[in-house]
Amino acid sequence: RDIIFYERFHNAEIMAGNYALRVSALSARFMRGWENMWLIARQVVFSNSDNGALHLHMVMFLQDELAFPQGRLLKEKQSAIKR
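Owing to the predicted nature of the structure, the values given are computational and were not obtained by experimental measurement.

Trainee: Any details on helix H3 (residues 51–66)? Residues and values, ideally.
Mentor: By the largest-angle criterion, methionine 60 marks the main kink of H3, which is about 35 degrees. Among all positions of H3, only Asn51, Gly52, Ala53, Leu54, His57 and Met58 are buried.

This is the structure in C-alpha cells:
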C-alpha cells in the first residue's frame, strides 16, 4: 500500500487535500501523472484542478486493475481460488 487517500464520510468522495505516500516508484509515477492531469481537468466543465484532476487520474491510473472481466485483480482472485 503505497498511496492512501482521505475519504469524505458523507459522500465517499476521495479528497485531494489529504494523502500519505510511501516513497516508491509507483507513488512517484502516480503523483507525476496527477500533476499533469491539471491540463486535462481544466478543460472539463464539471471538473476542477484538484479533486476533479485526482478523480480523472485515479480512474485512468487504475483502469487496468478495475476493468471487468479482464482486470488484474479479478484474475489474481480467480487464480487464487483455483489453487
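Trainee: Describe a nonpolar patch on the surface, listing the residues and the values that go with them.
Mentor: On the surface, Trp38, Leu39 and Ile40 cluster together into a nonpolar patch covering about 270 Å² of accessible area. Assignment of secondary structure puts tryptophan 38 in helix H2 (residues 38–41). Residue class for tryptophan 38 comes out partly exposed when judged on its relative accessible area of 39%.

Trainee: How would you sum up the pattern of salt bridges? Please name residues and give values.
Mentor: Scanning all chains against the criterion turns up two salt bridges. A salt bridge links arginine 22 to aspartate 2, with the shortest nitrogen-to-oxygen separation between them at 3.7 Å. Taken together, the positions of arginine 22 in the loop between strand S2 (14–21) and helix H1 (25–36) and aspartate 2 in the segment before strand S1 (3–7) put the pair 20 residues apart, joining distant regions of the chain. Between arginine 8 and glutamate 13 there is a salt bridge, and its shortest N-O distance comes to 2.6 Å.

Trainee: An account of the packing of H1 against H3 is needed here, citing residue identities and associated values.
Mentor: Two numbers describe a pair of packed helices, the interaxial angle and the distance between the axes. Between H1 and H3, the least distance of the axes is 9 Å, while the angle of their chain directions is 130 degrees. Here H1 is positioned oblique relative to H3, judged by the angle of their axes. For the pair H1 and H3, the sense of crossing is right-handed. For the pair formed by H1 and H3, the contact residues are Leu26, Arg29, Phe30, Gly33 and Trp34 on the first element and Ala53, Leu54, His57, Met58 and Phe61 on the second. Residue composition of the contact of H1 with H3, by class: seven nonpolar, two polar and one charged.

Trainee: Give a detailed account of the packing of aromatic side chains, specifying residues and quantitative values.
Mentor: As enumerated under the stated definition, the model contains six aromatic pairs in all. Relative to tyrosine 19, the ring of phenylalanine 5 has its centre 5.8 Å away and its plane inclined at 50 degrees; by these criteria the two rings are tilted. Of this pair, phenylalanine 5 sits in strand S1 while tyrosine 19 sits in strand S2, and the two are 14 residues apart along the sequence. Between phenylalanine 30 and phenylalanine 61, the aromatic rings sit 4.9 Å apart at their centres with planes inclined by 90 degrees, giving edge-to-face as the arrangement.

Trainee: Can you explain the environment of alanine 28? Please cite residues and give values.
Mentor: Considering the arrangement of structural elements, one finds alanine 28 in helix H1. In this structure the C-alpha to C-alpha distance between alanine 28 and aspartate 2, which are 26 residues apart in sequence, comes to 9.8 Å.

Trainee: Please set out the pairing of S1 residue by residue, giving values where relevant.
Mentor: The sheet contact formed by S1 and S2 spans four bridges and is antiparallel. When the sheet's bridge partners are listed, isoleucine 4 is paired in S2 with alanine 20. Where S1 folds back onto S2 in an antiparallel hairpin, the turn is made up of six residues, including alanine 12, whose phi is positive at roughly 60 degrees.

Here is what the cut-offs are and how they apply
- Residues numbered from 1 in each chain as written.
- Predicted model: local features only at pLDDT ≥ 70, side-chain atom pairs only at ≥ 80, totals over all residues.
- Heavy atoms only, no water.
- Bend = angle between axes of the 7 residues up to and from the residue.
- Helix = DSSP H or I, 4+ residues; strand = E, 2+ residues; numbered from the N terminus.
- Buried < 20%, exposed > 50% of the residue type's maximum accessible area, 1.4 Å probe, protein only.
- Patch = residues over 30% accessible without salt bridge, like charges linked within 9 Å, V, L, I, M, F, W, Y side chains within 5 Å.
- Areas by Shrake-Rupley, 256 points an atom, 1.4 Å probe, with all protein chains shown as cover.
- Salt bridge = Lys/Arg side-chain N within 4 Å of Asp/Glu carboxyl O.
- Axes fitted to C-alpha atoms, helices over the stretch in contact; angles between N-to-C directions.
- Parallel < 35°, antiparallel > 145°, perpendicular 65-115°, else oblique.
- Left-handed = near helix turned anticlockwise from the far one by under 90°.
- Contact = heavy atoms within 4.5 Å.
- Nonpolar A, V, L, I, M, F, W, Y, C, P; charged D, E, K, R; others polar.
- Phe/Tyr/Trp six-rings, centres within 6.5 Å; stacked < 30°, edge-to-face > 60°.
- Pairing = 2+ DSSP bridges.

Bear in mind that shape data such as this cannot, by itself, settle questions of function.
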